[in-house]
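What the coordinates show
Next come the chains, spelled out residue by residue.
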Amino acid sequence: MLACGIGKRVRLSSTSRLVNELNEANAEGRIAAMLKGLARNDIILDEWGYLPTDPDGTRLLSRVVSMCYERISLVLTTNIEFSRWGEIFNDDDMAKAMMDRIVHHGRLVTYERESYRMKHALMRDDY
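Our subject in this report is the structure included herewith. Residue positions are given per chain, counting from 1 as you read along its sequence in written order. Owing to the predicted nature of the model, reporting of local features is limited to residues with pLDDT of at least 70; listing and counting of side-chain atom pairs is limited to 80 or more, with chain, interface and lining totals taken over all residues. Based on all heavy atoms of the structure, the side-chain values leave hydrogens and waters out of the count.

Section: the overall build of the chain
Put simply, the rule reads: By definition, any uninterrupted DSSP run of H or I lasting at least four residues is a helix, any uninterrupted run of E lasting at least two residues is a strand, and each is numbered from the N terminus. Residue burial is assigned from relative accessible area. The probe radius is 1.4 Å, only protein chains are included, and a residue is buried under 20% of its type maximum, exposed over 50%, and partly exposed in between.
Each helix and strand in the chain was counted, giving seven helices and three strands. Helices and strands appear in the chain in the N-to-C order α-β-α-α-β-α-β-α-α-α. Taken along its principal axes, the extent of the C-alpha atoms in the chain is 55 × 35 × 30 Å. Buried residues in the chain amount to 28% of all 127 residues.

Below you can see the structure in the form of structure tokens.
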């Protein structure tokens, strides 16, 4: 919301949703147009690596990461450690290539507090 507030164009999506959209665009022959549209925005991908990605989806996601590299901002939210990216994306080399681009100019921000959801969960034993 802060980025939008200062006039940035931002695209927010879950990673799995973006992969599905990329696969669909690729199957319909409109992947170039979709990537061009994505390049007009900074990108925030939520739930990075939470769901395994098929090989085609991994290749397309890698294209997005490469497209963003040194051009537009890319924000990822995840609790998946780097060492597991290869198994999630089904390709160690592709995962390493994405990591290389992401960490080169990236900043790692860790959140060490209790999550909002856990703090306000209905299923608590302290009632």
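And the narrative resumes.
Concerning the nonpolar core
Cut-off, in case you're wondering: Each nonpolar core is a collection of buried residues, namely Ala, Val, Leu, Ile, Met, Phe, Trp, Tyr and Cys, held together in the definition by side-chain atoms within 4.5 Å. Contacts were defined at the residue level, with two residues in contact if any of their heavy atoms lie within 4.5 Å.
Counting residues in each nonpolar core, the largest one holds 25 residues, and the members touching the most others are L22, L38, W48 and V64. Contributions of two or more residues to this core are made by α2 (15-27), α3 (31-38), β2 (42-46), α4 (55-68), α5 (85-88) and α6 (92-104). It is α4 that provides the largest number of residues to this core, a total of six residues. Other than its neighbours up to four places away in sequence, V64 contacts L22, L35, L38 and I43.

Let's talk about the pattern of salt bridges
The cut-off we apply is this: One speaks of a salt bridge when a side-chain nitrogen belonging to Lys or Arg is within 4 Å of a carboxyl oxygen belonging to Asp or Glu.
Inspection of the entire model under this criterion finds seven salt bridges. Measuring nitrogen to oxygen at the nearest pair gives 2.4 Å for the salt bridge that ties D56 to R59. One end of the pair, D56, and the other, R59, are both in helix α4, three residues apart, so they sit about a helical turn from each other. Given the relative accessible area of 40%, D56 is considered partly exposed.

Observations concerning the sheet that holds strand β3 (residues 74-76)
The test is simple: By definition, two strands form a pair when at least two bridges between them are found by DSSP. Helix axes are fitted to C-alpha atoms over the stretch in contact, other axes to C-alpha atoms as well, and angles between N-to-C directions run from 0 to 180 degrees.
Strand order in the open sheet made by the three strands is β1-β2-β3, with parallel pairing throughout. Strands at the two margins of the open sheet, each flanked by one partner only, are β1 (10-14) and β3. Within the sheet, the average angular offset between the axes of one strand and its neighbour, ignoring direction, is 15°. Bridge count between β2 and β3: three bridges; the pairing is parallel. Looking at the pairing, L45 lines up with L76 of β3.

Some points on the side chain of S62
Residue placement: S62 occurs in helix α4. In this structure S62 touches M94 and M98, once residues within four positions along its chain are discounted.

Let's talk about the packing of α4 against α6
Inclusion rule: Any angle between 65 and 115 degrees counts as roughly perpendicular, while under 35 counts as roughly parallel, over 145 as roughly antiparallel, and the rest as oblique. Left-handed describes a crossing in which the near helix is turned anticlockwise from the far one by less than a right angle; the clockwise case is right-handed.
Orientation of α4 relative to α6, taken along the N-to-C sense of each, is 15°, at an axis distance of 10 Å. With respect to their mutual orientation, α4 and α6 come out roughly parallel. In this structure, α4 crosses over α6, and the sense of that crossing is left-handed. Every residue of α6 that contacts α4 at T58, R59, L61, S62, V65 and S66 is listed here: M94, M98, R101 and I102.

Some points on the packing of α2 against α4
Orientation of α2 relative to α4, taken along the N-to-C sense of each, is 100°, at an axis distance of 9 Å. Taken together, the axis directions place α2 and α4 in an arrangement best described as roughly perpendicular. Here α2 contributes T15, L18, V19, L22, N23 and N26 to the contact with α4, which in turn contributes D56, G57, L60, L61 and V64.

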